[in-house]
Amino acid sequence: QVQLVESGGGLVQPGGSLRLSCAASGGIFSIWTMGWYRRTPGKQRELVASITYDGTTNYADSVKGRFTISRDNAKNTVTLKMNSLKPEDTTVYYCNAHRVRAGFPIDYWGQGTQVTVSS
């Protein structure tokens, strides 16, 4: 069982920056692909960014060049640095831990943290 705890959300003006952090416990952190998702208006979760155990990253087109994901396997943390924030980035952000075991996907989620971009 993996527990994920997010922090760092809040209110920021358009063009501003925020840093989201996710602390993981209860598993071997380094084997998981870690990601940040956000809730869409339709209540689905869309991938924002992910990073594999060896540091390979993937970003949604809407955040490329503005957001940066990183991980520290020694501290069991994953961070999302968000720059040039836009009002449309406003929503709840979730930390995710993902792996495939015996052909089956395994996912764990944090409780979510609110990001609000508004003047």
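Preceding block: the structure.
This is a predicted model, so every value here is computed, not measured.

Scanning the model with the defined rule gives one cavity of 30 Å³ or more in all. Empty space within the largest cavity amounts to approximately 40 Å³. If you go around the largest cavity, the residues you meet are Val2, Ala24, Ser25, Gly26, Gly27, Ile28, Phe29, Trp32, Met34, Asn76 and Ala97. Per-class residue counts for the lining of the largest cavity are seven nonpolar, four polar and no charged.

Quick look at the sheet that holds strand S3 (residues 18-25) now. The strand order across the open sheet formed by four strands is S1-S3-S8-S7, and the pairing between neighbours is antiparallel. Two strands lie at the open edges of the sheet, namely strand S1 (3-7) and strand S7 (67-72), each paired on one side alone. When the angles between neighbouring strand axes are averaged without regard to direction, this sheet yields 15 degrees. Relative to strand S8 (residues 77-82), S7 runs antiparallel, the two sharing six bridges. Following the sheet pairing, Ser70 is matched in S8 by Thr79.

Here we come to unusual backbone geometry. Leave glycine aside and you will find that most residues have negative phi; peptide bonds, for their part, are mostly trans. You will see that Asn76, though not glycine, has its phi angle at about 55 degrees, which is positive. When you line up the elements, Asn76 lands in the loop between S7 and S8. Phi is positive for Ser84, close to 50 degrees, though the residue is something other than glycine. For Ser84, a relative accessible area of 41% gives the class partly exposed.

What follows deals with the environment of Asn58. Among the structural elements, Asn58 can be located in strand S6 (residues 57-59). Of the residues examined, Asn58 reaches a relative accessible area of 39% and is grouped as partly exposed. Sequence spacing of Asn58 and Val48 is 10 residues, and the spatial spacing of their C-alpha atoms is 8.3 Å. Other than its neighbours up to four places away in sequence, Asn58 contacts Leu47, Val48, Ala49 and Ser50.

Procedures and definitions
- Residues numbered from 1 in each chain as written.
- Predicted model: local features only at pLDDT ≥ 70, side-chain atom pairs only at ≥ 80, totals over all residues.
- Heavy atoms only, no water.
- 1 Å grid on protein atoms, 1.4 Å probe; cavity = no way out; pocket = protein on both sides within 12 Å on 5 of 7 lines; lining within 4 Å.
- Points joined across faces, edges and corners; volume = space filled by probe spheres on them.
- Nonpolar A, V, L, I, M, F, W, Y, C, P; charged D, E, K, R; others polar.
- Pairing = 2+ DSSP bridges.
- Helix = DSSP H or I, 4+ residues; strand = E, 2+ residues; numbered from the N terminus.
- Axes fitted to C-alpha atoms, helices over the stretch in contact; angles between N-to-C directions.
- Buried < 20%, exposed > 50% of the residue type's maximum accessible area, 1.4 Å probe, protein only.
- Contact = heavy atoms within 4.5 Å.

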